Each structure stands twice: as structure tokens, then as C-alpha cells.
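Single-letter residue listing:
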Amino acid sequence: MSKKQNAGRKGKAEIPLSQEESDELQMIVDRLAVQNPEGESFERYLRSLANALSPRPQLAAALVDKLSKNPNKTGFSTFEALTKLIEASPYKRHLKQAGYRFSQKGFETPDERPAPGKVVLIQGESRSALAHIFMVSGTLWLISALIPESNQTGHVLVTAFLEDDYATFNVRVVESTQKLYKAYQQKISTYALGNRGYEIPVAHCARLFFEMLGLWTGKDPYPELNRARALLERHYDPGTRPYAFELMPEMEHPEQHLSEVNPAELLEGLDLSWLRFSKNDLAPHKEKMRALDSPLLVIPREVQVERSLGLVRNAADELCAGETRTLYRRYFEELAMWFKLGGAAEKATRAWTVARHLAGEGPANANPAVFQVMVNSLRLYWPEDFEQSQAPPQVQDQERRTESGLILP
């Protein structure tokens with residue numbers, strides 16, 4: 001075999017992907033197949049895709065490689081959106097091969113375009129808004145946005161987050177620049193989960209702002225809050241779905257996947273105080289559980305445990321309903337988005353399963369994440385009961401049991 005033949009085969013080497021990555025690649029290809037390259041949402045989808053693949057250039061390169069083998073306008077637009085991401089990776093050669101395939105079909109790649117002459121930007125064209133989300137312990141949905149001021153050359157930085165168990169809606173609006181905004185991101189990232197934040201569409205940032213405003217238990221708006229509301233209101237469309245729906249696939253039967261959710265792994269390191277059930281709401285259910293601990297008749301341990309679990313399930317079903325269930329759903333939708341943007345595809349799928357189940361009519365007590373938060377809440381308020389449940393049962397000397405199981409003094 002000649003050297004030329006060897007070189008040819010080497011040039012066509014495919015990018016190695018795991019089975020999960022291959023499945024995800026096909027899912028993206030299927031999603032692109034139904035996109036309208038002239039539609040208004042397509043450009044937004046491409047930005048979302050580039051953001052999601054930014055830490056995964058290998059998958060991005062595999063995507064453009066696959067799309068270039070059947071060139072069309074949608075595939076070429078995707079190629080352009082991911083070019084910068086792949087150029088800075090070890091997969092630059094695959095990018096060039098894909099570009100060649102597109103050029104053979106008449107698509108003009110960046111390398112073939114004539115160098116532009118001097119361009120005079122119209123004021124405001126390069127002043128698009130930016131937005132990010134951070135997950136910081138003690139806060140709910142810490143968001144930031146850099147928004148151009150109308151008819152001016154400057155920008156304003158808007159930050160917002162809930163704290164103090166929904167009692168405080170902390171909103172700040174200050175004059176800023178892109179350089180200062182970047183410095184702010186770096187500072188906040190040191191406190192955030194994973195030591196980073198993720199870019200989100202400004203429209204989604206606005207959604208989170210107004211959702212937090214609705215959750216806020218305070219009643220007295222203040223000047224900065226009102227200014228932030230005015231700045232974000234023009235980006236807010238309550239009719240659109242959360243950003244996670246652009247990143248995650250549809251799931252028709254989430255209840256069939258609940259067994260795949262390991263709540264301990266999914267919730268590890270998260271601040272669950274925003275989902276915790278209150279002690280007052282749990283008190284009546286806890287009294288029923290305590291009644292099982294000192295019955296007149298001795299109940300076998302396994303029966304007592306099963307009855308206690310039944311009471312916990314009933315509590316979860318009763319308390320995770322209405323607005324509370326909606327809050328849980330939105331929390332896990334945002335969590336799925338967070339994991340997806342961070343490249344944790346499996347965790348994103350598990351969080352999405354939890355969210356889609358809560359969006360349906362299935363019982364909340366069947367949801368492992370809800371059940372785990374319920375147990376965590378009980379453990380927080382009554383830790384001594386959990387310590388006792390782990391200790392071996394003991395019978396006091398002054399008590400004796402009859403054959404029928406009655407406890408006698």
C-alpha cells in the first residue's frame with residue numbers, strides 16, 4: 001500500500017466518541033433536521049448549542065464533520081457557529097475537512113471570503129446584552145446581565161438573587177462596561193458551584209428575575225428593583241418556555257425513568273433550603289410517625305418501617321402540590337440547564353427526568369428527589385429521631401411482653 005493511500009485513510013479518521021456521546025450527537029442532528037434556517041428561533045438555538053458545546057470541542061467537531069457529509073444550509077450555519085470553538089481545539093483538522101466539503105457544495109467558508117475593508121460600526125450594533133447565571137449557596141438563581149442603556153454609549157450591570165428564605169430580593173443596578181462585567185463574573189465564580197457561571201439568553205435571565213420577584217415575600221419595591229424591572233421587562237416574554245427546553249429533548253414518559261435517578265448523587269453539594277418543607281407543615285405528619293414508635297401492641301420492625309415510609313410518602317404528596325410543586329419543577333428545570341451547560345449530560349438528564357415528572361400528574365411521592373428532600377427536612381428538624389432509628393431496639397427491664405405482644409409494666 002502506498003504512502004498516499006495511508007495518508008488518505010488517516011485524513012478520514014473519525015473522532016472517537018463514547019456511546020452516550022454518540023447518542024447525544026444523533027439527538028442534536030435530529031434536532032437540527034427540524035430547524036428552519038430562516039426562522040427567528042434558529043439563531044438563538046445555535047447560540048445555545050455553541051454555549052452548551054463550548055467545554056466539549058470533541059463533540060462539536062464530530063457534529064460539524066457529520067453535517068458536512070450531507071451539506072445543507074442548516075448544517076453550514078451550524079458549522080459557522082461552532083468554527084471558533086473548534087479552531088482552538090486539537091480538532092482543527094476536522095474543521096478544515098468539513099469546510100472543504102461545504103465549499104464543494106457552494107457554501108463560502110470564512111477562509112475563502114475576501115478580507116473586509118474598513119468597517120464603520122453603527123452605534124449600538126455591537127452593544128448586545130449579555131446574561132449569566134450562577135449557583136451560589138444561600139441564594140436562589142443569582143443572575144447578572146449587562147444591558148446597553150437606551151440612546152447612550154454606556155451599559156448597566158443588573159444583578160439579582162433571593163436570599164433569607166425568600167424574604168430578601170437583593171437587586172443592584174450600576175453603571176458598568178464589558179471589562180468590569182467580566183471582572184465581576186470572575187469574582188462571583190469563586191463562590192459559585194463549580195467555580196463558574198454560564199451564559200444564558202437575556203430573555204431567560206429576565207424570566208428568572210420575574211419568577212424571583214413572584215417568590216419574594218417582601219411587599220415594598222425599592223428604586224433599584226424598579227429600575228431593574230424596567231430594564232428587563234422589554235426582554236421578557238412569559239409565553240416562551242424556559243431555556244432548558246432548547247437544550248434538553250422532549251420526554252414523553254418520565255415516570256418510566258425515575259428508577260434511574262439517584263437522588264443522593266443528583267442533589268450532592270446543592271443548597272436545598274429553597275425546597276425544604278417547613279417544620280410547621282411537617283409537624284402533623286411527624287406526630288403520626290411518632291405514634292408508631294410507642295404502640296400499645298408491639299409491631300414488627302419491618303412493618304413499622306413500612307408504615308413510617310407510607311406516612312412520609314403521604315406527606316410528600318400532600319405538601320409538594322400546587323405552587324410548591326411548580327417551584328420544584330422550575331428548580332429542576334434550571335438544574336438540568338446548569339448541568340447541561342457544564343457538560344454533565346447524565347446529571348442533566350436525571351434532573352430533567354425529575355422536572356418532567358413534576359410537570360405531569362404523577363404522584364409527587366413517586367419522585368425520588370421530592371422524597372429525598374422530604375427525608376432531609378425531617379432529619380433537619382428532628383435529628384434525634386433519626387439517631388434513635390439507627391440504634392438497636394432495647395427493652396427496659398421493668399417491661400415484659402406477653403405472648404400476644406402486649407407490653408406490660
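First things first, this report covers the structure right here in the doc. (Residues numbered from 1 in each chain as written. Predicted model: local features only at pLDDT ≥ 70, side-chain atom pairs only at ≥ 80, totals over all residues. Heavy atoms only, no water.)

## Some thoughts on the overall build of the protein
Operational definition: Runs of H or I in DSSP of at least four residues are treated as helices and runs of E of at least two as strands, each being numbered from the N terminus. Any residue under 20% of the maximum accessible area for its type is buried, any over 50% is exposed, and the rest in between are partly exposed; the area is computed with a 1.4 Å probe on protein chains only.
Within the protein, the secondary structure is distributed over 17 helices and seven strands. Across the 409 residues in the protein, those meeting the buried criterion constitute 43%.

## With respect to the packing of aromatic side chains
For clarity, the cut-off: Aromatic pairing here means that ring centres of Phe, Tyr or Trp (its six-membered ring) are within 6.5 Å. Orientation follows from the plane angle: under 30 degrees is stacked, over 60 is edge-to-face, and everything else is tilted.
Under the defined criterion, the tally for this structure stands at 13 aromatic pairs. A centroid spacing of 5.4 Å and a plane angle of 45° characterise the contact between Phe-169 and Phe-209, whose relative ring orientation is tilted. Of this pair, Phe-169 sits in strand β4 (residues 168-176) while Phe-209 sits in helix α8 (residues 202-215); the two residues are 40 residues apart in sequence, bridging distant segments of the chain. Residue classification places Phe-169 among the buried residues on the basis of a relative accessible area of 2%. Since its relative accessible area comes to 0%, Phe-209 is described here as buried. The rings of Phe-169, Phe-209, Phe-210, Trp-216 and Tyr-236 are connected pair by pair, giving a single aromatic cluster.

## Examining helix α7 (residues 178-189)
Our working definition: A helix is expected to reach a length of 1.5 Å times the quantity of its residues less one. The directions considered for the arc run from the helix axis to the C-beta atoms. Note on contacts: a residue pair is in contact if any heavy atoms of the two residues lie within 4.5 Å.
Between its first and last C-alpha atoms α7 spans 16 Å; for 12 residues at 1.5 Å apiece the expected length is 16 Å, and the two agree. Taken residue by residue, α7 has Tyr-181, Tyr-184, Gln-185, Ile-188 and Ser-189 as its buried positions. Looking straight down α7, one finds that the buried residues subtend no more than 130° of arc, so they occupy a single side. Along α7, the residues that are exposed and aim more than 90 degrees away from the buried face are Lys-179, Leu-180, Lys-182 and Lys-187. Contacts made by the buried residues of α7 are with β1 (130-134), β2 (140-148), β3 (155-163) and β4.

## Looking at the packing of helix α14 (residues 322-341) against helix α15 (residues 345-359)
Our working definition: Orientation is described by axes fitted as lines to C-alpha atoms, over the contacting stretch for helices, and by angles from 0 to 180 degrees between their N-to-C directions. Each angle is binned into one of four classes, with values under 35 degrees roughly parallel, values over 145 roughly antiparallel, values of 65 to 115 roughly perpendicular, and all other values oblique. Working rule for handedness: look at the near helix, and if it is turned counterclockwise from the far one by less than a right angle, call the crossing left-handed; if clockwise, right-handed. Gly counts as polar in this scheme, as do all residues outside two lists: the nonpolar Ala, Val, Leu, Ile, Met, Phe, Trp, Tyr, Cys and Pro, and the charged Asp, Glu, Lys and Arg.
It is the contact of α14 with α15, at a shortest axis distance of 8 Å, that shows an interaxial angle of 160°. Between α14 and α15, the crossing angle belongs to the class labelled roughly antiparallel. In this structure, α14 crosses over α15, and the sense of that crossing is left-handed. Contacts between α14 and α15 involve Arg-325, Tyr-328, Arg-329, Phe-332, Glu-333, Leu-335, Ala-336, Phe-339 and Lys-340 from the first element and Lys-347, Ala-348, Ala-351, Trp-352, Val-354, Ala-355, Arg-356, His-357, Leu-358 and Ala-359 from the second. Partitioned by chemical class, the residues of the contact of α14 with α15 number 12 nonpolar, one polar and six charged.

Honestly, that's just the spatial picture; any functional story needs more than this.
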